[in-house]
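# Observations on the model geometry
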Amino acid sequence: MTPAGASWRRPASPSRNSRQAVRSQRPVDVPRWLFLPALLGALFVLLPLVAIVAKVDWGSFFSLVTSEGSRAAFWLSLRTSAASTLACVVLGVPMALLLARWDFPGLGLLRSLVLIPLVLPPVVGGLALLYTFGRRGLLGESLDALGIQVAFSTIAVVMAQTFVAMPFLVLSLEGALRTAGDRFEVVAASLGAPPTTVFRRITLPLVLPGLVSGAVLAFARSLGEFGATITFAGSLQGRTRTLPLEIYLQRETDPDAAVALALVLLVVAVLVIGVARHGRTAL
Amino acid sequence: MARRLSLLAAAAVFLAATATACGDDGSTGPGSAGGTTLTVYAAASLTTTFQQIGEEFEKEHDGVTVEFSFGGSSDLVAQIQEGAPADVFASADTANMDKLTAAGLQAGDPQSFASNTLEIAVPPGNPAGIASFADLAKSDVNVVVCAPEVPCGSATQKVEAATGVALSPVSEEQSVTDVLAKVTSGEADAGVVYVTDVEAAGDDVEGVTFPESSEAVNTYPVVALKDAADADLAQQFVDLVLGDTGRRILEEAGFAQP
């Protein structure tokens, strides 16, 4: 049972025991009237997806999605999204752990600051990155002196994606850490386990499902990243033009190609979420 | 089952009610408050000039409000084709206007009102020392252009073909605005944009003109639309753009006569 599932359970009531048998099949009675807004919500999300699929010109679908530009964009998107997810895990897991387990003045403020990219328009995120790592940015001159040029490179794409995707990982992992609590960690430490062992043997396995869903969210967000990328990294086939950028560009001349590519992006997103779901339940 | 059906019916009624309510809200906007609204769809590069022309139009026509939707010409055509409530359309190139006329959405023949040529934009001080179009092809120059799919990019390609200078840009951007942004931020050493963009950017960039720009002159056509709410008013706006007032404002911004 996942922690999220636990919170769905109703508080104990006199009829609890008599309901036990029913509950094993249907865990909770959801109020009937919730079906209507739920149905409307589902339609609101699903109908546009149906509309996209209906727009696809199947006759030319395969030639459109296998064109040189499409393939280059597709691979670039997968590569950069994987790289940025990795970066999110490496940098985000320690951040989530500190936010969830430490208590210090200004923690709330720090947490809000870390989550800012969630509400920031991605274009503004791109500008912020430009003002930091760009040639004339805060760190730009130092980087230039080291011979590192970030602008217009694939690295810039990964940085843009990591910037916008990080909060998703931190947020869901921090939630999982708080729900899991620190009982087992305290016990392990009292038995003499050093902090690193506790982290590796207790904390990580405990919140692995939360980490996986956070990583999937980060990957999905990276895959769809557009605004920060086009502002910070530019757009060049095979180097910085990811799938969303290619879709936006193709719309100029060939809306059919844009729709076909959008469907590809959609399928990849669904696959990733599906695989992650599967993997998560298997854990 | 019957209960469920009645729930669905209730949902339908509710949806219909909110939809009408939204519709009511829309028509009680500034338009019906004793005046008329003229909606103009214009290419992004016309933002400043058309806003000025709109102000002139409102001065001449009491009670009329001119509302603009500025964007990429192809986006605008797509929106009009999908039924967006536009009265006038001004395109940044003839290709996109052709798309509109092919769909039969125009009220008369489109007329050219301005033209624009390419110019090189460089950061203030011209750090890379760009003096000609050929300089852009130097290997140590970070040059940014528009993608061939958009009008400014296809114009750049024409110049490349005519001069035999093959550029290897570090980025092919979606619009002139994006190109200009890369130059003003100093990321790029040079960008190929329109004369009017350099003019509008003021002190943020310097312009380097090049004679080969005459190989790719961009013409801006304007037309009143068939489905305009007020056909006369739409045509009057077109006339203002084509007339002396329009010409003066456009020339001040760096546009040439077609």
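Given the structure is predicted, the values throughout are model-derived calculations rather than measurements. The written sequence of each chain sets the order in which its residues are numbered from 1. The lettering of chains begins at A and the numbering of ligands begins at 1, in the order of writing. Totals for whole chains, interfaces and linings use all residues, but because this is a predicted model, local features are given only for residues with pLDDT of at least 70 and pairs of side-chain atoms are given and counted only at 80 or more. Only hydrogens and water are set aside when side-chain values are computed; all heavy atoms of the structure are taken into account.

What follows is about the packing of aromatic side chains. Each aromatic ring pair is characterised by the separation of its centres together with the angle its planes make. Aromatic rings from Phe, Tyr and Trp, with only the six-membered ring used for Trp, were paired whenever their centres fell within 6.5 Å, and each pair was classed as stacked if the ring planes differed by under 30 degrees, edge-to-face if by over 60, and tilted otherwise. Summed over all chains, the structure comprises 13 aromatic pairs over all chains. Taking the centre distance of 5.3 Å and the plane angle of 75° together, the rings of Phe74(A) and Trp75(A) count as edge-to-face. Ring pairing ties together the aromatic residues Phe50(B), Phe57(B), Phe68(B), Phe70(B), Phe113(B), Tyr220(B), Phe237(B) and Phe255(B), which thus form one cluster.

The subject of this paragraph is the pairing of strand E6 (residues 143–146) of chain B. Residues and elements named next belong to chain B. Each residue gets one of three labels from its accessible area relative to the maximum for its type: buried under 20%, exposed over 50%, partly exposed in between, using a 1.4 Å probe on protein chains only. Labels follow the DSSP assignment, with helices taken as runs of H or I lasting at least four residues and strands as runs of E lasting at least two, numbered in each case from the N terminus. Burial along E6 is two-sided: Val143 and Val145 and Val144 and Cys146, pointing in opposite directions, are all buried. Two strands qualify as a pair provided that DSSP identifies no fewer than 2 bridges between them. Here E6 pairs with strand E7 (residues 171–173) via three bridges, running parallel. What sits directly across from Val144, in E7, is Ser171. Tracing the backbone out of E6, into helix H5 (residues 151–163) and back to the parallel element E7 gives a crossover that is right-handed. Note on handedness: a crossover is taken as right-handed if, strands pointing away from the viewer, the path from the first strand over the helix to the second is clockwise.

Where charged atoms from two side chains of opposite charge come close, those side chains can pair. Any carboxyl oxygen of Asp or Glu that lies within 4 Å of a side-chain nitrogen of Lys or Arg is treated as forming a salt bridge with it. Using the criterion set out here, one finds eleven salt bridges over all chains in the structure. The residue Glu185(A) makes a salt bridge to Arg101(A) at a minimum N-O spacing of 2.8 Å. With Glu185(A) in helix H11 (residues 183–190) and Arg101(A) in helix H5 (residues 68–101), the pair connects residues that are 84 residues apart, well separated along the chain. As a salt-bridge pair, Arg251(A) and Asp75(B) come within 2.6 Å of each other at their nearest N and O atoms. Note that Arg251(A) is positioned in helix H15 (residues 243–253) and Asp75(B) in helix H3 (residues 73–81), a pairing that runs across two chains. Accessibility expressed as a relative area gives 36% for Arg251(A), which makes it partly exposed. Here Asp75(B) falls in the buried class, since its relative accessible area comes to 15%.

Another point: the state of the cysteines. Here is the idea: a disulfide is a covalent bond, and it sits between the sulfur atoms of two cysteines. Residue and element names in this part refer to chain B. By definition, disulfides here are pairs of cysteine sulfur atoms that lie within 2.5 Å. Scanning the model with the defined rule gives one disulfide over all chains in all. Each disulfide pairs two cysteine sulfurs, and for Cys146 the partner residue is Cys152, the sulfurs being separated by 1.9 Å. On the sign convention where negative is left-handed, the bridge of Cys146 and Cys152, at about -95° about the S-S bond, is left-handed.

The next point concerns the sheet that holds strand E2 (residues 64–71) of chain B. Residue and element names in this part refer to chain B. In space, the five strands of this open sheet follow the order E2-E1-E3-E10-E4, with mixed pairing throughout. The open sheet has two edge strands with one neighbour each: E2 and strand E4 (111–116). The average undirected angle you get between the axes of adjacent strands in this sheet is 20°. Direction of pairing for E4 relative to strand E10 (residues 218–224): antiparallel, over a ladder of five bridges. Axis geometry follows a simple rule: fit a line to the C-alpha atoms, using only the stretch in contact for helices, then measure angles between N-to-C directions, giving values from 0 to 180 degrees.

Residues and elements named next belong to chain B. UniProt's entry tags Ser45, Ser73, Val176 and Tyr194 with the feature "binding site: molybdate" (unreviewed entry), counted in the numbering of this structure. For Val176, the location among the structural elements is in helix H6 (residues 176–184). Owing to a relative accessible area of 11%, Val176 belongs among the buried residues under this scheme. In this view, Val176 contacts Cys146, Cys152, Val193, Tyr194 and Asp197; residues no more than four positions away in its chain are not counted. Within the secondary structure, Tyr194 is located in strand E8 (residues 190–194). According to the relative accessible area criterion, Tyr194 is buried, its value standing at 4%. Two residues qualify as a contact provided that any one of their heavy atoms is within 4.5 Å of a heavy atom in the partner residue. If we ignore the near neighbours within four places in the chain, the residues touching Tyr194 are Asn116, Thr117, Leu118, Glu119, Pro151, Cys152, Val176 and Asn218. Think of a polar contact as two N or O atoms within 3.5 Å of one another; within protein, one of them needs to be a possible hydrogen donor and the other a possible acceptor, and neighboring residues in sequence only count if both atoms come from side chains. Side-chain polar atoms of Tyr194 contact the backbone nitrogen of Cys152, separated by 3.5 Å. UniProt positions are given in the numbering used here, feature names are shortened, and annotations may be inferred rather than shown by experiment.

Residue and element names in this part refer to chain B. Among all positions of helix H9 (residues 244–252), only Gly246, Ile249 and Leu250 are buried. Taken down its axis, H9 places every buried residue within 95° of arc, on the same side. The exposed residues of H9 that point more than 90 degrees off its buried face are Asp244 and Glu252. Elements in contact with the buried residues of H9: helix H2 (47–60), E4 and helix H8 (231–242). Backbone geometry just downstream of H9 places Gly254 in the positive-phi region, at approximately 105°. What the arc covers is the set of directions going from the helix axis to the C-beta atoms.

Time to look at the domain arrangement of chain B. On domain assignment, one finds that chain B holds domain 1 (31–114 + 220–252) and domain 2 (118–215). For the purposes of this description, domain bounds are those given by an automatic or database domain assignment. The straight-line distance from the C-alpha centre of domain 1 of chain B to that of domain 2 of chain B is 28 Å.

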